[in-house]
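Fold and geometry: a report
Chain by chain, the residues run as shown.
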Amino acid sequence: MTRRYLFTSESVTEGHPDKICDQISDTILDALLTKDPLSRVAAEVVVNTGLVLITGEITSQAQVNYVDLARQKIAEIGYTDANNGFSANSCSVIVALDEQSPDIAQGVTRAQEQREALSEDQLDRIGAGDQGLMFGFACDETPELMPLPISLAHRISRRLAVVRKSGQLPYLGPDGKTQVSVIYEDDKPVGIDTILISTQHTANVDGLTDNAAIQAKIKTDLMSAVVEPVFSDIAVKPDSQTRFLVNPTGKFVIGGPQGDSGLTGRKIIVDTYGGYSRHGGGAFSGKDPTKVDRSAAYAARYAAKNIVAAGLAEKCEVQLSYAIGVARPVSILVETFGTGKVSEALLLDLVRQHFELRPAGIIQAFNLCDLPAKHNGRFYQNVAAYGHMGRQDLALPWEQVDKAALLKAAALVGVTA
């Protein structure tokens, strides 16, 4: 009997209050790592009407202007009009930062300061910056090997920013949310049930003042300029049965921090797999790579994606767990949900053999502390909106599938051994 169900994922635009905070946090991280790759950063940001609060713990030799960094990012996102209750030039920016606890720092700092290739013994001595568990996931539903619902939700959100900033739909505001419900049959996507877009807009749209006419205009424009281009390389497309909901409250003029407060790390499901895979609970933004919440989640995605790219499973989830001050993972789990072409025991062996999972090793393999400097001072802020995984628009080291051929060959040897 065919099993038919819906699965829904959401995304938010770069102007959503929580995402403003994530981007400011990672802008700070980029600036500090560019000048001092050994910076220890845990930057948290809060926004509300007319207010930005930068707090957390930072230990760095770099000297940066946190206020200027925040204002520059807010302006880049699109908040430049003081009449909207939140503007780059007029908002108050408060900085309240401490240094990283020495009890935490002692487990991760000293050996890494050599800034050269580390030996196996050194990699074993540099422990995780905290305990925790992280998940990485991949599946064959999209070209980027991501679940279809979150992939579509992100694509629509990114497209909203493109048409706003290009002037194609100049009445759109920075704040917005998207949501896509995909129809599955026997765990395969077969249709699009609902597409929901809530997007901030000006009070007047193309001279229209009647709200019903404004919403009708927005809906028509979004279908042609935003939704249709998103499905160009996706086999499953909307049809006559797909519901298309736009601003279902009837109006979305007041948005951003004026409409709601924001906080770093409050969109962890948006940042990863849209709820399709499990999540360990740790946020990414504002954290330097010694925090395994971030670096190990990237490593787990890298392992899972290469397993799927190798054709060894249609879906793969990798869980890692760590203890503070201990280098090697406390546990590793590989789950393929019945789609594996080889045993999960063999896949676990392959992950252990071919993927670096020690915190310092992950940093070294992906060059995580030096990426901002290599990308002209901006790397992490670019993944702080529209997802950290599956980004085909960015050259992310954890999105490479350079181990797929190796895994496929090694699996064949393991099966025949």
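The numbering scheme is per chain: residues are counted from 1 as the chain's sequence reads. Reporting of local features is limited, given that this is a predicted model, to residues whose pLDDT is at least 70; pairs of side-chain atoms are given and counted only at 80 or more, and all residues count toward the totals for whole chains, interfaces and linings. The side-chain numbers reported here are obtained from all heavy atoms of the structure, hydrogens and water having been left aside.

**Here's the deal with the sheet that holds strand S7 (residues 188–201)**
The rule for pairing is simple: two strands pair if DSSP sees at least two bridges between them. Helix and strand definitions follow DSSP, with helices as H or I runs of at least four residues and strands as E runs of at least two, each counted in order from the N terminus. What the four strands build is an open sheet, ordered S1-S6-S7-S8; its pairing is mixed. The open sheet has two edge strands with one neighbour each: strand S1 (4–12) and strand S8 (243–246). Neighbour to neighbour, the strand axes of the sheet diverge by 15° on average, direction disregarded. Both S7 and S8 contribute to a ladder of four bridges, which runs parallel. Counted as the bridge partner of Leu196 is Leu245 from S8. Residue contacts are defined here by distance: any two heavy atoms, one from each residue, within 4.5 Å place the two residues in contact. What counts as an axis is a line fitted to C-alpha atoms, over the stretch in contact for a helix, and the angles between N-to-C directions run from 0 to 180 degrees. Where helix H5 (residues 148–165) meets the sheet, it contacts S1, strand S6 (172–185) and S7, and its direction lies at approximately 155° from that of S6.

**Quick look at the state of the cysteines**
A pair of cysteine sulfur atoms is labelled a disulfide when the two atoms are within 2.5 Å. The tally for this structure, following the rule as stated, stands at zero disulfides. Cys91 carries a free sulfur, and the closest cysteine sulfur to it, the one in Cys21, is 11 Å from it.

**Some points on the environment of Leu172**
Along the chain, the position of Leu172 falls in strand S6. Through-space distance from the C-alpha of Leu172 to that of Leu245 is 16 Å; in sequence the pair is 73 residues apart. For Leu172, the residues in contact, after removing those within four places along its chain, are Leu160, Val163, Arg164, Thr199, Gln200, His201 and Leu222.

**A short note on a negative patch on the surface**
Together, Glu44, Glu57, Asp98 and Glu99 give the surface a local cluster of negative charge. Mapped onto the fold, Glu44 is located in strand S2 (residues 40–48). Given the relative accessible area of 30%, Glu44 is considered partly exposed. Only residues whose relative accessible area exceeds 30% and that form no salt bridge are eligible for patches; like-charged ones are grouped when within 9 Å, while nonpolar side chains (Val, Leu, Ile, Met, Phe, Trp, Tyr) are grouped when within 5 Å. With residues, only the protein chains shown are counted as cover, and all accessible areas are computed by Shrake-Rupley using a 1.4 Å probe. Only one rule defines a salt bridge in this text: a Lys or Arg side-chain nitrogen within 4 Å of an Asp or Glu carboxyl oxygen. We treat Lys and Arg as the positive residues and Asp and Glu as the negative residues; His and chain ends play no part in the count. Taken as the charge location is NZ of Lys, CZ of Arg, CG of Asp or CD of Glu. Here the term buried applies to any residue with accessible area under 20% of the maximum for its type, exposed to any over 50%, and partly exposed to those in between, with areas from a 1.4 Å probe on protein chains only.

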